[in-house]
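These are the residues of each chain, in order.
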Amino acid sequence: MVQQDKTADIHAVIRRGKRWDYLFAAIGLICLAFGLLTVLVLVGKMGLEGLDRLSLDFFTSYPSRRAANAGILSAWVGSVLVMLVTAFAAVPLGVGAGVYLEEYAKKNWVTDIIEINITNLAAVPSIVYGLLALGIFVYQFGFGGSILSAGLTLALLILPIVIVATREAIRAIPGAMREGSMALGATKWQTVRYHILPYSMPGILTGIIIGLARAIGETAPIITIGALTFIAFLPPLPLVEGAGLFDWVMSPFTVMPIQMFNWTSRPEEAFQINAGAAGFVLVVMTLGMNALAIWLRYRLRKNIKW
Amino acid sequence: MNPNQHPYPVKAEARKLNFFYGLVQALKAIDMPLYERQVTALIGPSGCGKSTFLRCFNRMHDLYPGNRYEGEIVFHPDNTNLLSTEVDPIEVRMRIGMVFQKPNPFPKSIFENVAYGLRVRGERNRRVLDDKVEQSLKDAALWNEVKDRLKDMAFNLSGGQQQRLCIARALATDPELLLFDEPTSALDPIATASIEELMHDLKKRVTILIVTHNMQQAARISDHTAYMYLGDLIEFGKTDEIFIKPRDKRTEDYITGRLS
């Protein structure tokens, strides 16, 4: 009899406990659905709006005064080229700094201050980077409102992301790998080159792509350094018609978000449709980059186990 | 103990060795010889400093800040003090190999794992690498199991095979002294037996220092045994003598299981 009472008590306790389980699961699901739905509706509405304009012509036409002829050629080419410069600048700097901080820097107060500042840099509003770049790259270095200026500005912007991703990826490597390498007489650099970099590559690549995905949507700093809002020519192809290998980096440019912003500020209804289409393309580009990051991480991690 | 009376020459010798983790003293004035081509076992309860002592020999403590050595470990035949600040720890690790508690093969192919020590030394000749990898895997009694799949990833091997791979990796660089830090504590009894057998063969060509918290293992495989307790070396001697008639009461208590 006593045993039965005990069992009944336990059942009651479990029932009461589980009530909260169900309640929380329901609340969580609602939160998730709310967030997801909002995004889906926004992207869907934009996509639907711009659907009429999404044709090959849209990608191969320059902007135009007539909405029906206007396209995003100069914008997407500009975005791709700016990302190229950003990646070339941010990756070596960010990965190098991350590796140095994790593997070489002595753990003292100077390193602590640098660490805190890197975290803070990630929180600086992007417009501030724009102002900084206007002073330094555009005027001081004389790069002007060029692809180079924009790429370097965005590189600064995502540098903290790349550094932090590099450090986290390195920290996830078990100390046993480092010890195993050093115990065989390897130097620090040999350990970094043969173990630390290859094993942290999936995490670093993910960080780089997430950073680039953020940079590709940035508008404020690019406007600040003086990107054009209307441009009907492409940067010179390298080594074509007398152009040098790197002449394109000094070319004026526009990027996707600016093109979009330009169209949304027009009074004509037809341009709103263009803006929707451009926005949809931009979102697809960003999602595509994130998908690439996930795929790369999955592929590379398959060969790394400890 | 006078090394001259011993049939085996001394390979290395700790002299008044103190070691500090920051302010905490982990080893206290240890004097102990390692005899050439003999197996020396370090036993003692957890936290007694046996792994700390072992890791002094290849300067592993240099990898972490705040660690400090005092005293010497003299390495023969050239009388190098391994702990001297003038001796590069990398040079020390090039002469002294180490096998860790948990098998730690690199996430690379079996071949690359064994070849790594040679690559670090700048060896690029494919022939030399091939020969050396084969020889090392044979010496580690692993060749027959892996010769057809040298390109396979090392983590696909069983735990015991991984540990033998780590031994092959250490052997490939012809170490003069091989350190084993509880090499079988993560392995099943059959894998343990194969590693013990391997060590018995290896001592023909290399001096071995092994940390173990398995006293039967120490009794089975070692020629000399050191009992450590709270950072002190309590007793050092021939394994038979330590286990049959220990001189120190504390050693006797530990061996008979009254102290764990």
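Residues numbered from 1 in each chain as written. Chains lettered and ligands numbered in written order. Predicted model: local features only at pLDDT ≥ 70, side-chain atom pairs only at ≥ 80, totals over all residues. Heavy atoms only, no water.

The secondary structure content of chain B amounts to 10 helices and 10 strands. A globule of 260 residues ought to have a C-alpha radius of gyration of about 18 Å, and chain B, at 18 Å, matches this closely. Reported as C-alpha extents along the three principal axes, the dimensions of chain B are approximately 55 × 40 × 35 Å. For chain B, the residues scored as buried account for 57% of the 260 residues in total. (Helix = DSSP H or I, 4+ residues; strand = E, 2+ residues; numbered from the N terminus. Rg over C-alpha atoms; globule rule 2.2 N^0.38 Å. Buried < 20%, exposed > 50% of the residue type's maximum accessible area, 1.4 Å probe, protein only.)

Our next topic: unusual backbone geometry. All names here are of chain B. Between His-76 and Pro-77 the backbone carries a cis peptide bond, its omega angle lying at 10 degrees. Following the sequence through the fold, Pro-77 ends up in the loop between strand 4 (67-75) and strand 5 (80-81). Despite not being glycine, Ala-141 has its phi angle at roughly 55 degrees, a positive value. Considering the arrangement of structural elements, one finds Ala-141 in the loop between helix 4 (126-139) and helix 5 (143-146).

Now for the interface of chain A and chain B. Listed as interface residues are 21 residues of chain A and, on the opposing side, 25 residues of chain B. Together chain A and chain B conceal approximately 2000 Å² of surface at their shared face, both sides included; 64% is due to carbon and sulfur atoms. On inspection of chain A and its partner chain B, the count reaches one salt bridge. In this structure, Glu-179 of chain A engages Arg-55 of chain B in a salt bridge whose closest nitrogen and oxygen atoms are separated by 2.6 Å. Along the contact surface separating chain A from chain B lie eight residue pairs in polar contact (both at pLDDT 80 or more). Only helix 7 (175-183) and helix 8 (188-216) of chain A provide two or more residues apiece to the side of chain A that touches chain B. Take the side of chain A that touches chain B: its biggest share by element is seven residues, from helix 7 of chain A. Partitioning the side of chain A that touches chain B into residue classes produces 10 nonpolar, eight polar and three charged. (Contact = heavy atoms within 4.5 Å. Buried area = accessible area lost by both parts, 1.4 Å probe. Salt bridge = Lys/Arg side-chain N within 4 Å of Asp/Glu carboxyl O. Polar contact = N/O pair within 3.5 Å; in protein donor to acceptor, adjacent residues only side chain to side chain. Nonpolar A, V, L, I, M, F, W, Y, C, P; charged D, E, K, R; others polar.)

When two helices pack together, their arrangement is given by the angle between the helix axes and by the axis-to-axis distance. Residue and element names in this part refer to chain A. Running from N to C, helix 3 (residues 73-104) and helix 6 (residues 147-171) cross one another at 35 degrees; their axes reach a closest spacing of 6 Å. Seen along the crossing, helix 3 lies across helix 6 with a hand that is right-handed. Residues that form the contact of helix 3 with helix 6 fall into these classes: 22 nonpolar, five polar and four charged. (Axes fitted to C-alpha atoms, helices over the stretch in contact; angles between N-to-C directions. Left-handed = near helix turned anticlockwise from the far one by under 90°.)

With that settled, the discussion passes to the domain arrangement of chain A. The extent of an interface is frequently quoted as the accessible surface area lost upon association of the parts. All names here are of chain A. We note that the domain assignment places domain 1 (2-51) and domain 2 (54-301) within chain A. Of the residues lining the interface, six residues belong to domain 1; the matching set on domain 2 comes to nine residues. Three residues stand out in domain 1 for area buried against domain 2, namely Met-46, Glu-49 and Gly-50, and they jointly supply 63% of the buried area on that side. Our enumeration of links across domain 1 and domain 2 arrives at zero salt bridges. (Domains from an automatic or database assignment.)

Right, let's talk about the environment of Thr-173 of chain B for a bit. Residue placement: Thr-173 of chain B occurs in the loop between helix 6 (159-171) and strand 7 (177-181). When its relative accessible area of 11% is taken as the criterion, Thr-173 of chain B is described as buried. Separated by 76 residues in sequence, Thr-173 of chain B and Gly-97 of chain B place their C-alpha atoms 8.0 Å apart. Other than its neighbours up to four places away in sequence, Thr-173 of chain B contacts Leu-184 of chain A together with Met-94, Gly-117, Leu-118 and Arg-121 of chain B. Of note is the side chain of Thr-173 of chain B, whose polar atom sits 3.1 Å from the backbone oxygen of Ala-170 of chain B.

Quick look at the environment of Gly-135 of chain A now. Residues and elements named next belong to chain A. The topology assignment puts Gly-135 in helix 5 (residues 126-140). The partly exposed category is assigned to Gly-135, whose relative accessible area is 35%. Measuring from C-alpha to C-alpha, the distance between Gly-135 and Thr-187 comes to 42 Å, with 52 residues separating the pair along the chain.

Right, let's talk about the sheet that holds strand 10 (residues 232-238) of chain B for a bit. Residues and elements named next belong to chain B. If you walk across this open sheet you meet the six strands as 6-7-8-3-9-10, and the pairing is mixed. Taken across any chain shown, the strands that pair with only one partner, and hence form the sheet edges, are strand 6 (96-99) and strand 10. Here the average twist between neighbouring strands, direction ignored, is 15 degrees. By the bridge criterion, six bridges tie strand 9 (residues 224-229) to strand 10 in an arrangement that is antiparallel. Looking at the pairing, Tyr-229 lines up with Asp-232 of strand 10. Against the sheet, helix 6 contacts strand 6 and strand 7, and its axis sits at roughly 170 degrees relative to strand 6. (Pairing = 2+ DSSP bridges.)

This part is about the pattern of salt bridges. In this structure the tally under the stated criterion is 29 salt bridges over all chains. One salt bridge in this structure joins Glu-145 of chain B and Arg-164 of chain B, with 2.9 Å as the shortest N-O distance. Highlighted residues: Glu-145 of chain B in helix 5 and Arg-164 of chain B in helix 6, separated in sequence by 19 residues. In this structure Glu-145 of chain B comes out as partly exposed when scored by relative accessible area, which is 36%. Residue Arg-164 of chain B is classed as buried on the basis of its relative accessible area, which comes to 11%. With a closest N to O distance of 3.8 Å, Asp-201 of chain B and Lys-204 of chain B form a salt bridge. A residue is classified by how much of its surface remains accessible, and Lys-204 of chain B, at 61% relative accessible area, is exposed. Salt bridges sharing partners connect three or more residues here, namely Glu-102, Glu-115, Arg-167 and Arg-171 of chain A.

Mapped onto the elements, Arg-169 of chain B comes out in helix 6. One buried charged residue, Arg-169 of chain B, forms no salt bridge at all, with the nearest opposite charge on Glu-179 of chain A at 9.5 Å. Polar contacts involving the side chain of Arg-169 of chain B include one to the side chain of Asn-113 of chain B, which spans 3.3 Å. (Lys, Arg positive; Asp, Glu negative; His and termini not counted.)

All names here are of chain B. Read from one edge to the other, the open sheet built from four strands follows the order 2-1-4-5, with strand pairing classed as antiparallel. Looking along the sheet, the strands with just one partner apiece sit at the ends: strand 2 (24-35) and strand 5. In this sheet, strand 2 lies alongside strand 1 (residues 10-21) in antiparallel orientation, the contact comprising eight bridges. Its bridge partner being in strand 2, Phe-19 is matched across the sheet by Leu-27.

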